[in-house]
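Take a look at the letters that make up each chain.
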Amino acid sequence: IKNNVDELITILKEIETQYLKLEKEGRKKYFYIVREKYNNYTIEENETKIQRAAQFIFLNRTCFNGLYRVNKSGKFNVPIGSYKNPTICDEQNLKNLSKLIQNVQFECGDYKNSIKYVTKNTFVYFDPPYRPLNITSGFTSYTKEDFNDDDQKELAKLYKMLDGRNAKLMLSNSNPKNINKEDNFFDNLYK
């Protein structure tokens, strides 16, 4: 998006055209072929970074709820969504985003590594795997690593430290009070 948005748009338009022509079973087959390619990507293959980005955007726009989740092996495992007419290539949005991020540096790594970049002029949004509301919703593995209550506590400490720097902070999570009015886990963490 940042470095070659026009080529990305061309690829996404082609994918969108192919995908939208298909009936339900054809779309399902197409989705799982792209997901398999995405999961088995190797640098030795002739796929470019732009093609890889297009696969990611396609999967995001057509998977269940736009969710990003991987299994214990690090493979993207979200099933296909049930959208009748998904927008796979939002050309104007991609162009706007490309302009917006020209002077942005992206880092990929553990969220704790971001500390060195945060000042009072920084906006930080944390979206950790949500704390399960009950035993049947105990899913916390959106990545190959689990994110448990100890991790939630560690994140809260970092949040408090960054708040001390006067950074602009936002964090989303589940609210256990919706299920158990006595569960003060987040109330205690984020007084």
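Preceding block: the structure.
Because the structure is predicted, anything quoted here is derived from the model rather than measured. (Residues numbered from 1 in each chain as written. Predicted model: local features only at pLDDT ≥ 70, side-chain atom pairs only at ≥ 80, totals over all residues. Heavy atoms only, no water.)

With that settled, consider the overall build of the protein chain. On a plain count of helices and strands, the protein chain comes out with six helices and two strands. Ordered by position from the N terminus, the helices and strands of the protein chain form the series α-α-α-α-β-α-β-α. When the backbone C-alpha atoms are referred to their principal axes, the protein chain occupies close to 50 × 40 × 30 Å. Across the 191 residues in the protein chain, those meeting the buried criterion constitute 31%. A sequence separation of at least 24 residues applies to 67% of the contacts in the protein chain between residues at least 6 apart. When the accessible surface of the protein chain is totalled, it reaches about 13,100 Å², and 51% of it is carbon and sulfur. Across the protein chain, the mean location of the 31 positive side-chain charges is 3 Å away from that of the 25 negative side-chain charges. (Helix = DSSP H or I, 4+ residues; strand = E, 2+ residues; numbered from the N terminus. Buried < 20%, exposed > 50% of the residue type's maximum accessible area, 1.4 Å probe, protein only. Contact = heavy atoms within 4.5 Å. Areas by Shrake-Rupley, 256 points an atom, 1.4 Å probe, with all protein chains shown as cover. Lys, Arg positive; Asp, Glu negative; His and termini not counted. Charge placed at Lys NZ, Arg CZ, Asp CG, Glu CD.)

The subject of this paragraph is a nonpolar patch on the surface. Among the surface-exposed residues, Ile1, Leu97 and Leu100 lie close enough to one another that they form a single nonpolar patch of about 250 Å² accessible area. Looking at the element boundaries, Leu97 is found in helix H4 (residues 91-100). Overall, Leu97 belongs to the partly exposed group, its relative accessible area being 30%. (Patch = residues over 30% accessible without salt bridge, like charges linked within 9 Å, V, L, I, M, F, W, Y side chains within 5 Å. Salt bridge = Lys/Arg side-chain N within 4 Å of Asp/Glu carboxyl O.)

Between the first and last C-alpha of helix H1 (residues 5-21) there are 24 Å, a value that for 17 residues agrees with the 24 Å anticipated at 1.5 Å per step. Against the buried residues of H1 lie helix H2 (24-39), helix H3 (49-62) and H4. (Expected span 1.5 Å × (residues − 1).)

A positive phi angle is found at Asn65, which is not glycine, with a value near 55°. Inspection of the secondary structure assignment puts Asn65 in the loop between H3 and H4. The backbone of Asn166 shows a phi angle near 65°, a positive value even though the residue is not glycine. Here Asn166 is to be found in the loop between helix H5 (149-164) and strand S2 (168-171). Residue classification places Asn166 among the exposed residues on the basis of a relative accessible area of 56%.

On to the pairing of strand S1 (residues 123-126), then. Covered by surrounding structure in S1 are Val124 and Phe126 only, the residues Phe123 and Tyr125 on the alternate face being uncovered. Pairing analysis gives four bridges linking S1 to S2, with the strands arranged parallel. Its bridge partner lying in S2, Phe123 is registered against Lys168. (Pairing = 2+ DSSP bridges.)

Moving on: the packing of aromatic side chains. According to the stated counting rule, one finds 14 aromatic pairs in the structure shown. Between Phe185 and Phe186, the aromatic rings sit 5.0 Å apart at their centres with planes inclined by 75°, giving edge-to-face as the arrangement. Residue Phe185 shares its accessibility class with Phe186, and that shared class is buried. Taken together, the aromatic side chains of Tyr111, Phe126, Tyr159, Phe185, Phe186 and Tyr190 make up a single cluster linked through ring pairs. A cation over a ring is seen here: Arg52 above Tyr38, with NZ or CZ 4.1 Å from the ring centre. (Phe/Tyr/Trp six-rings, centres within 6.5 Å; stacked < 30°, edge-to-face > 60°. Lys NZ or Arg CZ within 6 Å of the ring centre and 35° of its normal.)

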